[in-house]
Protein chains: 2
Amino acid sequence: MENYEDVSQNDIESLHGKPLSGVISNSTPSSLGGSTKSSWKLKSIVTLALTLLTSSQAILIVWSKRAGKYEYSVTTANFSVEALKCALSLVALAKIWRSQGVTEDNKLSTSFDEVSVYPIPAILYLIKNLLQYYIFAYVDAPAYQILKNLNIISTGVLYRIILKKKLSEIQWAAFILLCAGCTTAQLNPSSDHVLQTPFQGWVMAIIMALLSGFAGVYTEAIIKKRPSRNINVQNFWLYIFGMIFNLIAIVVQDYDEVMNKGFFHGYSFITVCMILNHALSGIAVSMVMKYADNIVKVYSTSVAMLLTAVVSVFLFGFHLSLAFFLGSTVVSVSIYLHSIGKPQPQK
Amino acid sequence: MENYEDVSQNDIESLHGKPLSGVISNSTPSSLGGSTKSSWKLKSIVTLALTLLTSSQAILIVWSKRAGKYEYSVTTANFSVEALKCALSLVALAKIWRSQGVTEDNKLSTSFDEVSVYPIPAILYLIKNLLQYYIFAYVDAPAYQILKNLNIISTGVLYRIILKKKLSEIQWAAFILLCAGCTTAQLNPSSDHVLQTPFQGWVMAIIMALLSGFAGVYTEAIIKKRPSRNINVQNFWLYIFGMIFNLIAIVVQDYDEVMNKGFFHGYSFITVCMILNHALSGIAVSMVMKYADNIVKVYSTSVAMLLTAVVSVFLFGFHLSLAFFLGSTVVSVSIYLHSIGKPQPQK
């Protein structure tokens, strides 16, 4: 289960690339050009959905850990998530076709020009996941949790470079605070280990943060490149590549086990909940990419982390540390600064 | 010596009220109306002086702790600090009188109207120091160190209310960050004790923070009320009351000991260094009040706290924690935000 947590974390990230949606996009206009008010509403809904799903995901992980070990294969679980998302995309599309008919924007068939970039986020995550096995030679697990907050900074930097979107000075300050605040909130007595990280560990952590940030930003670029294209079609193609890459992982890693014990061996009720949650989270991430951006995604997942800790107090009797309160304060100020620090419109 | 640390900390604060200066004010124009450039320079010099003196003060405390216990009386040390500052004020004034002659602004004699408010900061600190003995019934020492950061917030609030000076929204955010950052930098494994502080402990900590903040802000109000009045005269009168109140403390607390063992019993080289340092710090605080403000003072002492930790790594082989780096980052961002967040001039 320990293993699943890592993979599930990667998965959240992998899935970022490959969104799709039935429920949400179906009930809202799929055109981006709507009024500012409805776009603001849409942005809020998808952000809230992502926050709640990410938070409940972390709670499911704690719950499953408490429930004991499950001997299911992680690769099949990841494949199931991709397949479920793909299926949900198709269901959503079918509904849209029935109500609106097949149009240029919502047809499933695609050109090589459109689809050729879709495997790139999946490949980036694959490389990152491979690296992950090696980083543990230099970094222990608690230190790795701390180092993962570098993702926040790398996402900001790559968002600026690749999407050429400006953040104001105050928003940059807010971003540094978000990273410091999240790390502070996660501090525990063994956190200082991270300071003993050797140089190679730092380099790998930074490379992994860049890969993860690049994959997220690149996915946003793909989705936003064709604003009028239906998000479910974009998701469908992203998830198809997710399925392919996870299938390869099953064959390479777990072929014998799956052949002997079966695909769904060891699955429990919690496993199914987690797969469902991951699928919906992936879709929510995708929606955030389409209707908001990577910055919103980073803030959303950070708030989810804090929310998880608070909920865990009630569910599992966890104790909140002083560091958690201080980190939460810094994150709150960061959110406030980000919102008031919008760049001035260029003259 | 443990005891002296507490008292010396109070003392830094008590002294805030009662500045005086020879060296610095003598070489710079004592009129406030100078050009913006020279006033900026003056502000920087006094701020730097305060930061370095506060920092070296903390280092002296660590050094003296390492050197072992000294059985000198804390009240006589405090009195010596006040007397030394008073003497330095007079030396500075004598120089000024010789070069500029006695004027309305630098004459020592004063009106009841001017001097009547001077005892107030000293009285506020006295009340705060009395409360300090009681707070330890509810709060342990590490928790008290953490709670002292409430001073930052109380100073900001009272600065706004009493001096009616505006802070911009960004500067308020920066102030909250300064408090959170300083607390984070001081986190250690026993910090979580503070969360078990009973209600009475919180109330007392807040009252003490308000008293300390009020004393600082009130001193600034006194000093700034007569901008053309020579700072050394203002200091002289503030320190006179400091001497009187500390004399009362000696009589009440240590009369027998001083009578039997002598006033300077147990003084060592470090004790003398500390008294000298406290006197100079007090003068620097006073200068900051005259030429800058309480906000600058709070930032200056916060940076001094971080500086002390870094210097202690080299001097005493201390280790810096991850929390220290995170707290320092937040404090740095806070300083940046404070500087860019100046309130817009009112129309």
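Calculation criteria
Residues numbered from 1 in each chain as written. Chains lettered and ligands numbered in written order. Predicted model: local features only at pLDDT ≥ 70, side-chain atom pairs only at ≥ 80, totals over all residues. Heavy atoms only, no water. Patch = residues over 30% accessible without salt bridge, like charges linked within 9 Å, V, L, I, M, F, W, Y side chains within 5 Å. Areas by Shrake-Rupley, 256 points an atom, 1.4 Å probe, with all protein chains shown as cover. Salt bridge = Lys/Arg side-chain N within 4 Å of Asp/Glu carboxyl O. Helix = DSSP H or I, 4+ residues; strand = E, 2+ residues; numbered from the N terminus. Contact = heavy atoms within 4.5 Å. Buried area = accessible area lost by both parts, 1.4 Å probe. Polar contact = N/O pair within 3.5 Å; in protein donor to acceptor, adjacent residues only side chain to side chain. UniProt positions renumbered as here; feature names shortened; annotations may be inferred. Least-squares fit on C-alpha atoms with pLDDT ≥ 70 in both. Expected span 1.5 Å × (residues − 1). Buried < 20%, exposed > 50% of the residue type's maximum accessible area, 1.4 Å probe, protein only. Core = buried A, V, L, I, M, F, W, Y, C linked by side-chain atoms within 4.5 Å. Phe/Tyr/Trp six-rings, centres within 6.5 Å; stacked < 30°, edge-to-face > 60°. Axes fitted to C-alpha atoms, helices over the stretch in contact; angles between N-to-C directions. Parallel < 35°, antiparallel > 145°, perpendicular 65-115°, else oblique. Nonpolar A, V, L, I, M, F, W, Y, C, P; charged D, E, K, R; others polar. Left-handed = near helix turned anticlockwise from the far one by under 90°. pLDDT = per-residue confidence, 0-100.

(A) Spotlight on a nonpolar patch on the surface. Taken together, the side chains of Ile 244, Leu 247, Ile 248, Val 251, Val 252, Tyr 255 and Met 259 of chain A present a nonpolar region at the surface, about 690 Å² in accessible area. Positionally, Leu 247 of chain A belongs in helix α11 (residues 231-261).

(B) The arrangement of the interface of chain A and chain B in detail. Each partner contributes to the interface: chain A provides 26 residues, whereas chain B provides 26 residues. Regarding the contact of chain A and chain B, the summed buried area is about 2,000 Å², with carbon and sulfur atoms giving 85% of it. Inspection of the chain A/chain B interface yields four residue pairs in polar contact (both at pLDDT 80 or more). Counting only elements with at least two residues in the side of chain A that touches chain B, the list comes to α9 (169-185) and α14 (322-340) of chain A. Looking at the side of chain A that touches chain B element by element, the count peaks at ten residues for α14 of chain A.

(C) The arrangement of the UniProt feature "transmembrane region" (unreviewed entry) in chain A in detail. Here the UniProt feature "transmembrane region" (unreviewed entry) sits at residues 45-63, 170-187, 199-223, 235-252, 264-286 and 298-316 of chain A. In this annotation, residues 264-286 of chain A is assigned 78% helix and 0% strand; the end-to-end C-alpha distance for the span is 27 Å.

(D) Spatial organisation of the relation of the copies chain A and chain B. Screw-axis analysis of chain A against chain B gives a translation of 0.0 Å along the axis, an RMSD of 0.1 Å, and a rotation angle of 180°. The transformation relating the two chain copies, once decomposed into turn and shift, fits a two-fold axis. No C-alpha of chain A lies nearer the rotation axis than that of Pro 189 of chain A, which sits 3.2 Å from it. A shared binding surface is used by both copies, with 100% of the interface residues of chain A retained as interface residues in chain B.

(E) Here's a closer look at α9 of chain A. Between its terminal C-alpha atoms α9 of chain A stretches 24 Å, which fits the 24 Å expected from 17 residues at 1.5 Å a residue. Counting buried positions along α9 of chain A gives 14 out of 17 residues, so the element sits mostly inside the fold.

(F) Looking closely at the nonpolar core. Of all hydrophobic cores here, the largest spans 78 residues; its most connected members are Leu 177 and Leu 337 of chain A together with Leu 177 and Leu 337 of chain B. When near neighbours in sequence (up to four residues on either side) are disregarded, Leu 177 of chain A contacts Val 330, Ser 334 and Leu 337 of chain A together with Leu 177, Val 330, Val 333 and Leu 337 of chain B.

(G) Structural detail: the packing of aromatic side chains. Across all of its chains, the model carries 20 aromatic pairs over all chains by this definition. An angle of 75° between the planes, with centres 4.9 Å apart, marks the rings of Phe 263 of chain A and Phe 264 of chain A as edge-to-face. Residues Phe 316 of chain B and Phe 318 of chain B carry aromatic rings whose centres are separated by 5.8 Å and whose planes lie at 45° to one another, so their mutual orientation is tilted. With a relative accessible area of 34%, Phe 318 of chain B lands in the partly exposed category.

(H) Molecular detail of the pattern of salt bridges. Residues and elements named next belong to chain A. Within this structure, the stated rule accounts for twelve salt bridges over all chains. A salt bridge links Glu 82 to Lys 85; the nearest nitrogen and oxygen atoms lie 3.4 Å apart. Placement of both Glu 82 and Lys 85 in helix α4 (residues 74-100) is noted, with a separation of three residues, approximately one turn of the helix. Take Glu 82 and Lys 85: they sit in the same class, and that class is buried. Notably, a salt bridge pairs Glu 114 with Arg 229, separated by 2.9 Å at the nearest N-O pair. Of this pair, Glu 114 sits in helix α5 (residues 112-115) while Arg 229 is found in the loop between α10 (199-225) and α11, placing the two residues 115 residues apart along the sequence. Each member of the pair Glu 114 and Arg 229 is classed as buried.

(I) Expanded view of helix α13 (residues 294-316) of chain A. Taking 1.5 Å of rise per residue, the 23 residues of α13 of chain A would be expected to cover 33 Å, and the 31 Å separating its terminal C-alpha atoms lies within 8% of that figure. Downstream of α13 of chain A by one or two residues, Gly 317 of chain A has phi in the positive range, about 70°.

(J) Representation of the environment of Ala 83 of chain A. Residue and element names in this part refer to chain A. Tracing the chain through its elements places Ala 83 in helix α4. The exposure class of Ala 83 is partly exposed, given its relative accessible area of 23%. For the pair Ala 83 and Gly 242, spaced 159 residues apart in the sequence, the C-alpha separation amounts to 8.5 Å.

(K) Quick peek at the environment of Lys 148 of chain A. Residues and elements named next belong to chain A. Topologically, Lys 148 is positioned in the loop between α7 (141-147) and α8 (150-162). Exposure remark for Lys 148: the relative accessible area of 15% places this residue in the buried category. The spacing of Lys 148 and Ser 212 is 64 residues in sequence and 9.8 Å in space, taken between C-alpha atoms.

(L) Inspection of the packing of helix α12 (residues 269-291) of chain B against helix α13 (residues 294-316) of chain B at higher detail. Residue and element names in this part refer to chain B. Between α12 and α13, whose axes approach to 8 Å, the crossing angle comes to 140°. When the interaxial angle is binned, α12 and α13 end up oblique. Across the interface between the two elements, Val 285, Val 288 and Met 289 from α12 touch Asn 294, Val 296 and Lys 297 from α13. A per-class count over the contact of α12 with α13 returns four nonpolar, one polar and one charged.

(M) Structural detail: the packing of helix α6 (residues 119-135) of chain A against α11 of chain A. Residue and element names in this part refer to chain A. At a minimum axis separation of 8 Å, α6 and α11 run at an interaxial angle of 35°. Crossing handedness for the pair α6 and α11: right-handed. Only Leu 238, Phe 241, Phe 245 and Gln 253 of α11 make contact with α6, whose side of the interface consists of Pro 119, Pro 121, Ala 122, Ile 123, Leu 126 and Tyr 133. Its residues assigned to classes, the contact of α6 with α11 shows nine nonpolar, one polar and no charged.

(N) Expanded view of the confidence of the model for chain A. With 88% of its residues at a pLDDT of 70 or more, chain A shows a mean pLDDT of 84. Taken together, the stretch residues 1-34 of chain A has pLDDT below 50 and engages in 110 contacts with residues farther than four places along the chain or on a different chain.

(O) Representation of the environment of Ala 309 of chain A within the structure. All names here are of chain A. Structurally, Ala 309 can be placed in helix α13. Sequence-wise, Ala 309 and Ile 59 are 250 residues apart; in three dimensions their C-alpha atoms are separated by 8.8 Å. Beyond its immediate sequence surroundings of up to four residues, Ala 309 is in contact with Leu 320 and Phe 324.

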